[in-house]
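Structural description and commentary
Below, each chain spelled out in residue letters.
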Protein chains: 2
Amino acid sequence: MLYLVGLGLSDETDITVKGLEVVKKASRVYLEAYTSILLVDQSVLENYYGRSIVVADREMVESDSDEILRNAETEDVAFLVVGDPFGATTHTDLVLRARELSIPVQTVPNASIMSGIGATGLQLYNFGQTVSMVFFLDNWRPASFYDRIKENRSIGLHTLVLLDIKVKEQSLENMARGRKIYEPPRYMTVGQCAQQMLEIEEEKKEGVYGLDSLAVGAARVGGKTEKYVAGTLKQLCNADDILGPPLHSLVLLGRRAHELERDFTREFAIDKELWTTIWDRDYGKQ
Amino acid sequence: MLYLVGLGLSDETDITVKGLEVVKKASRVYLEAYTSILLVDQSVLENYYGRSIVVADREMVESDSDEILRNAETEDVAFLVVGDPFGATTHTDLVLRARELSIPVQTVPNASIMSGIGATGLQLYNFGQTVSMVFFLDNWRPASFYDRIKENRSIGLHTLVLLDIKVKEQSLENMARGRKIYEPPRYMTVGQCAQQMLEIEEEKKEGVYGLDSLAVGAARVGGKTEKYVAGTLKQLCNADDILGPPLHSLVLLGRRAHELERDFTREFAIDKELWTTIWDRDYGKQ
């Protein structure tokens with residue numbers, strides 16, 4: 001059996017009891033560690049589970065999935081995923097491959113950022129499609145998020161923006177020379193995300209959002225040190241100190257917001273008066 | 001401290017290790033049991049936790065929240081919610097009330113149907129806003145879901161439809177006579193939902209969806225007996241026998257679907273050939 005086990009969002013104790021039982025009895029345990037990360041190190045997980053873990057990088061999961069699935073017809077293999085197993089496309093692929101090999105699959109769900117973001121007080125049923133924001137390069141600034149946000153905002157919905165993480169990346173030079181030397185991990189912050197969003201608006205000028213659009217920055221959702229900051233996109237460009245360490249996410253508000261959402265998020269506002277003024281002017285319209 | 005603890009989707013072992021620790025040490029333990037249910041009885045939970053539980057019905061949570069919050073400045077109170085604590089508005093209200101009383105709040109997230117529905121193989125970032133479907137009465141057929149689905153479909157997105165549950169409801173006669181006699185619980189099925197959707201389309205005739213629109217019915221998501229059925233809305237009207245007992249949910253597909261989603265869901269199709277034919281004709285358009 002292939003078990004896809006969600007680990008939740010924060011630390012080693014966010015695994016479900018059911019998931020922990022699976023990990024303890026599986027023949028092999030893999031940890032997918034490139035679409036998201038927990039806030040604790042691998043060694044903490046290994047001590048807690050009493051098991052050693054093979055870290056599965058993108059190359060392994062996408063090109064060598066048959067090694068992960070080896071003997072899973074007769075043995076139990078646990079594939080651990082931060083958040084919920086079906087948050088990222090790549091795991092759907094793994095299940096399809098298992099089906100081809102007639103390997104039974106069972107999923108142990110867990111909290112995902114897609115539902116955990118409800119802790120901002122913004123209602124999950126008011127969210128439109130989720131978008132991703134990648135680190136811009138000088139000559140590569142993918143902006144498909146802009147059209148998606150435009151669609152969400154045209155019908156008054158919030159947008160969850162998931163922020164890029166770079167783990168086990170090689171510099172161009174090291175890649176060219178075939179040196180398996182990896183850069184230190186990088187995690188996009190809410191400030192960088194807000195900045196990139198404003199750059200694209202500046203470029204496209206379709207008025208999808210602007211400096212005074214309201215948004216909520218979230219850090220370490222579901223963890224003991226979780227932190228939320230509400231403000232305009234302009235304010236959030238400089239709110240990384242308040243938010244602290246990774247992982248960060250951002251929600252851009254839609255105008256069809258409920259006053260319960262206003263009351264809940266105002267608590268997180270950098271400037272409560274400004275938050276209320278802009279809210280009353282631009283939001284809460286059905 | 002008020003702890004909002006998510007229980008996940010299925011049985012007593014879906015609680016997280018962190019959540020279980022909270023339940024074991026709290027002074028009082030409440031279970032919110034009217035927005036969703038687990039697939040196991042209260043007694044199973046009580047035996048597993050080694051704690052007795054107070055079932056909190058809607059009246060208690062909405063009108064008597066101060067009793068739930070009593071002494072929570074100094075004691076730990078655990079408020080258990082099926083799925084994730086922030087899935088339903090009513091819990092946001094409870095947190096706001098706790099804030100007014102200066103009671104600290106901590107949340108233990110868990111799987112929600114809003115993320116667990118990814119187990120259908122439909123990608124979470126292709127979903128628009130979530131809608132709810134209530135049991136129609138002869139003279140009361142609320143159809144606001146129709147306009148929401150229209151918005152989602154206009155931009156090519158899937159719609160998750162959450163289905164009504166009725167627990168601890170009184171008949172009109174018993175209510176009028178002040179008799180605290182409650183009807184047996186009722187859970188809407190995918191068949192009833194598909195039927196009501198088609199009735200409203202028949203009435204409004206805006207062509208938002210029709211008999212041959214593709215959808216996936218889901219039952220007991222995340223549980224050992226979870227079941228998925230893919231078909232046209234017409235087919236799903238009669239698929240309850242395949243899906244089995246509650247809880248059910250339904251996803252209406254948007255046209256902007258990825259071929260990975262087609263490959264994954266075809267496995268669940270009542271008629272694979274028909275599924276592929278309609279998909280290739282109407283879906284997968286960017």
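The rules we used
- Residues numbered from 1 in each chain as written.
- Chains lettered and ligands numbered in written order.
- Predicted model: local features only at pLDDT ≥ 70, side-chain atom pairs only at ≥ 80, totals over all residues.
- Heavy atoms only, no water.
- Helix = DSSP H or I, 4+ residues; strand = E, 2+ residues; numbered from the N terminus.
- Rg over C-alpha atoms; globule rule 2.2 N^0.38 Å.
- Buried < 20%, exposed > 50% of the residue type's maximum accessible area, 1.4 Å probe, protein only.
- Contact = heavy atoms within 4.5 Å.
- Areas by Shrake-Rupley, 256 points an atom, 1.4 Å probe, with all protein chains shown as cover.
- Lys, Arg positive; Asp, Glu negative; His and termini not counted.
- Charge placed at Lys NZ, Arg CZ, Asp CG, Glu CD.
- Buried area = accessible area lost by both parts, 1.4 Å probe.
- Salt bridge = Lys/Arg side-chain N within 4 Å of Asp/Glu carboxyl O.
- Polar contact = N/O pair within 3.5 Å; in protein donor to acceptor, adjacent residues only side chain to side chain.
- Nonpolar A, V, L, I, M, F, W, Y, C, P; charged D, E, K, R; others polar.
- Pairing = 2+ DSSP bridges.
- Axes fitted to C-alpha atoms, helices over the stretch in contact; angles between N-to-C directions.
- Core = buried A, V, L, I, M, F, W, Y, C linked by side-chain atoms within 4.5 Å.
- Domains from an automatic or database assignment.

This part is about the overall build of chain A. Scanning chain A from terminus to terminus reveals 13 helices and 12 strands. Taking 2.2 N^0.38 as the reference for a compact globule, 286 residues should give roughly 19 Å; the C-alpha atoms of chain A span a radius of gyration of 20 Å, in line with that estimate. Overall size of chain A, expressed as C-alpha extent along the three principal axes, is 60 × 45 × 35 Å. Expressed as a percentage of its 286 residues, the buried residues of chain A come to 57%. Considering only residue pairs separated by 6 or more positions, chain A has 72% of its internal contacts joining residues 24 or more positions apart. When the accessible surface of chain A is split by element, carbon and sulfur atoms take 48% of a total near 12000 Å². Side chains of chain A carry 32 positive and 43 negative charges; the gap between the two charge centres is 2 Å.

Another point: the interface of chain A and chain B. At the interface, 51 residues of chain A touch 51 residues of chain B. Summing both partners gives a buried area of about 4500 Å² for chain A against chain B, and 58% of it is carried by carbon and sulfur. The tally of links from chain A across to chain B stands at 8 salt bridges. Residues lysine 18 of chain B and aspartate 14 of chain A are paired through a salt bridge, measuring 3.1 Å at the closest nitrogen-oxygen approach. The interface formed by chain A and chain B includes 21 residue pairs in polar contact (both at pLDDT 80 or more). When residues of the side of chain A that touches chain B are assigned to their parent elements, the largest contribution, 6 residues, is made by helix α5 (residues 89-100) of chain A. Across the side of chain A that touches chain B, the residue classes tally to 20 nonpolar, 19 polar and 12 charged.

Residue and element names in this part refer to chain A. Tracing the sequence through the fold places proline 142 in the loop between β6 (131-133) and α7 (144-154). In sequence terms proline 142 and valine 208 are 66 residues apart; their C-alpha atoms lie 16 Å from each other. When sequence neighbours within four positions are dropped, the list of residues in contact with proline 142 reads Val134 and Phe136.

Residues and elements named next belong to chain B. Read across the sheet, 5 strands follow the order β6-β7-β12-β10-β11 without closing on themselves; strand pairing throughout is mixed. Here the strands that pair on one side only, and so sit at the sheet edges, are β6 (131-133) and β11 (227-232). Each strand of the sheet is rotated relative to its neighbour by a mean of 25°, with strand direction disregarded. The strands that helix α7 (residues 144-154) touches are β6, β7 (159-163) and β12 (248-252); relative to β6, the one it contacts most, it runs at about 145°. Strands in contact with helix α13 (residues 272-282) are β10 (214-219) and β11; relative to β10, the strand with the most contacts, it is inclined by about 130°.

Glancing now at the nonpolar core. Counting residues in each nonpolar core, the largest one holds 94 residues, and the members touching the most others are Leu2 and Phe79 of chain A together with Leu2 and Phe79 of chain B. Leucine 2 of chain B has contacts with Leu69, Val77, Phe79, Leu94, Ala98, Ile103, Pro104, Val105 and Gln106 of chain B, leaving out every residue within four places of it along the chain.

Right, let's talk about the side chain of arginine 28 of chain B for a bit. Residue and element names in this part refer to chain B. Inspection of the secondary structure assignment puts arginine 28 in strand β2 (residues 28-32). Look at arginine 28 and you get buried, because its relative accessible area is 13%. At 3.0 Å, the side chain of arginine 28 and the side chain of tyrosine 30 are in polar contact. Reaching out from arginine 28, the side chain makes a polar contact with the backbone oxygen of glutamate 67 at a distance of 3.3 Å.

Quite often, the size of an interface is put as the accessible area lost when its parts meet. Residues and elements named next belong to chain A. Here chain A is partitioned into domain 1 (2-111) and domain 2 (114-282). The straight-line distance from the C-alpha centre of domain 1 to that of domain 2 is 28 Å. Taken together, the contact pairs 11 residues of domain 1 with 13 residues of domain 2. Summing the contributions of domain 1 and of domain 2, the shared interface buries around 860 Å²; its carbon and sulfur component is 63%. A per-residue breakdown of the area domain 1 buries against domain 2 is headed by Leu9, Ile37 and Leu39, which together make up 46% of the total. Applying the counting rule to domain 1 against domain 2 returns 0 salt bridges. Run the count over domain 1 and domain 2 and you get 0 residue pairs in polar contact (both at pLDDT 80 or more). Split by residue class, the side of domain 1 that touches domain 2 holds 5 nonpolar, 4 polar and 2 charged.

Mapped onto the secondary structure, glutamine 123 of chain B falls in the loop between α6 (113-116) and β6. Ignoring anything within four residues of it in the chain, the contact list for glutamine 123 of chain B reads Ala88, Thr89 and Thr92 of chain A together with His158 and Glu261 of chain B.

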